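Chains, contacts and geometry: an overview
Chain residues, written in single-letter form:
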Amino acid sequence: PAERYRYSGCLHCGHCGAMARGTRHGGKDRYRCPAGHTMIMSADADAFIDGIAVERLSRPDAISLFRQADDAGAAAAQAEAADYRGRIKAATESSIAGRITLESLEAMTAAWLPKAEAAEQRARDLATPSALSGLADTDRAVVAERWDALSLPARKAALRALAPAAVLLPAARGYIVPVEDRITLWPAE
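Described in the following lines is the structure provided in the data block. Counting restarts for each chain: residues are numbered from 1 in the order of the written sequence. Local features are withheld for residues below a pLDDT of 70 in this predicted model, meaning they are given only at 70 or higher, and side-chain atom pairs are given and counted only at 80 or more; totals for whole chains, interfaces and linings count all residues. In computing side-chain properties, one takes all heavy atoms of the structure into account and sets aside hydrogens as well as water.

The salt bridge definition used is simple: a Lys or Arg side-chain nitrogen within 4 Å of an Asp or Glu carboxyl oxygen. Counted by the stated rule, this structure contains eight salt bridges. A salt bridge links Asp50 to Arg155; the nearest nitrogen and oxygen atoms lie 3.2 Å apart. On the criterion of sequence distance, the pair formed by Asp50 in helix 1 (residues 42-57) and Arg155 in helix 6 (residues 152-162) is long-range, its members being 105 residues apart. The same class applies to Asp50 and to Arg155, which are both buried. Where Arg87 meets Asp83, a salt bridge forms, and the shortest distance between an N and an O atom there is 3.1 Å. Here Arg87 pairs with Asp83, and both are found in helix 3 (residues 71-96), just four residues apart, close to one helical turn. Throughout this description, buried means an accessible area under 20% of the type-specific maximum (1.4 Å probe, protein chains only), exposed means over 50%, and partly exposed covers the range between. The partly exposed category is assigned to Arg87, whose relative accessible area is 36%. Via salt bridges that share partners, Arg6, Asp50 and Arg155 belong to a single interconnected network. Secondary structure elements follow DSSP: runs of H or I no shorter than four residues count as helices, runs of E no shorter than two count as strands, and numbering proceeds from the N terminus.

Shown next, in the form of structure tokens:
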């Protein structure tokens, strides 16, 4: 079943960058690069990723990093966008009535439209909580319980939010390389 591939589509191949997918290979569940550059047992990868995610979300600074939705901020950004759109509408009406030139209307629209769109994007971002909202706590057991309670799509979204550039590194053929040396959740660190 799809449940066994908990982090399918969450790990980038360390060779080509493609997303590793869950597959059955040699009678075992694994994550594998579509081009075959790298492969790892899914049970090993899942246990490692779960442990690291819980550890990271248990850090004292984690609680403030993973925000809840900001409804007041979203409303303020939406009001700002509406103000810019209202200015554009008023300038358009003034142009139609012959009170301002078409060039002036175009200049105002060029200046205000990007500001309106940026404010609308901020409103959307502030209205949407992080996939990690509510997971962080300084008590590791609490975080582990919350992490384990996530549905499969929520867990994938949480991992993508926590480690968007996670990498599965290839291992030389015939060598056993520990999982902690194969998966890098934060390559830039």
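With that settled, the discussion passes to the pairing of strand 2 (residues 21-25). Two strands make a pair as long as DSSP finds a minimum of two bridges between them. Pairing between strand 2 and strand 3 (residues 28-32): five bridges, direction antiparallel. When the sheet's bridge partners are listed, His25 is paired in strand 3 with Lys28.

Spatial strand order, 2-3-4: three strands in an open sheet with antiparallel pairing. For this open sheet the edge positions go to strand 2 and strand 4 (39-41), each flanked by a neighbour on one side alone. Neighbour-to-neighbour, the strand axes of the sheet open up by a mean angle of 40°, direction not taken into account. Across the sheet, helix 1 touches strand 3 and strand 4, and the angle it forms with strand 4 is around 80°. With axes taken as lines fitted to C-alpha atoms, and helix axes fitted only over the stretch in contact, angles between N-to-C directions fall between 0 and 180 degrees. Only heavy atoms enter the contact rule, under which two residues are in contact if any of them lie within 4.5 Å.

Bringing the packing of helix 3 against helix 4 (residues 102-127) into the picture now. Interhelical geometry of helix 3 versus helix 4 gives an angle of 160° and a closest axis separation of 8 Å. Taken together, helix 3 and helix 4 sit at an angle that is classed as roughly antiparallel. The two elements helix 3 and helix 4 cross, and the hand of that crossing is left-handed. Charged residues are taken to be Asp, Glu, Lys and Arg, nonpolar residues to be Ala, Val, Leu, Ile, Met, Phe, Trp, Tyr, Cys and Pro, and polar residues to be all remaining types, Gly included. The class makeup of the residues in the contact of helix 3 with helix 4 is 16 nonpolar, five polar and seven charged. Just so you know how the angles are binned, under 35 degrees is roughly parallel, over 145 roughly antiparallel, 65 to 115 roughly perpendicular, and the rest oblique. When the near helix sits turned anticlockwise from the far one by under a right angle, the crossing is termed left-handed; a clockwise turn instead gives a right-handed crossing.

In this section: the pairing of strand 3. Consecutive side chains along a regular strand alternate between the two faces of the sheet. Where strand 2 hands over to strand 3, the hairpin turn is made up of two residues, of which Gly26 adopts a positive phi near 65°. Taken together, the three bridges between strand 3 and strand 4 define a ladder with antiparallel strand orientation. When the sheet's bridge partners are listed, Arg30 is paired in strand 4 with Met41. From the end of strand 3 to the start of strand 4, which pair antiparallel, there are six residues, and Gly36 there has a positive phi angle of about 85°.

Looking now at the packing of aromatic side chains. Planes of paired rings set the category: under 30 degrees apart is stacked, over 60 is edge-to-face and the rest tilted, where pairs are Phe, Tyr or Trp rings (Trp by its six-membered ring) whose centres lie within 6.5 Å. Tallying each qualifying case throughout the model produces zero aromatic pairs. Comment: the charge-over-ring label is applied if NZ (Lys) or CZ (Arg) is within 6 Å of the ring centre and within 35 degrees of the ring normal. Cation over ring: Arg56 sits above Trp186, and NZ or CZ is 3.7 Å from the ring centre.

The residue Lys89 is located in helix 3 in this model. The spatial distance from the C-alpha of Lys89 to the C-alpha of Ile100 is 13 Å, given a sequence separation of eleven residues.

A separate point is the side chain of Asp46. Residue placement: Asp46 occurs in helix 1. Here Asp and Glu are counted as negative and Lys and Arg as positive; His is not counted, and neither are the chain ends. Look at Asp46: it is buried, it has no salt bridge, and the nearest opposite charge is Arg6 at 4.2 Å. When neighbours within four sequence positions are excluded, Asp46 is seen to be in contact with Arg4, Arg6, Tyr7 and Tyr31.

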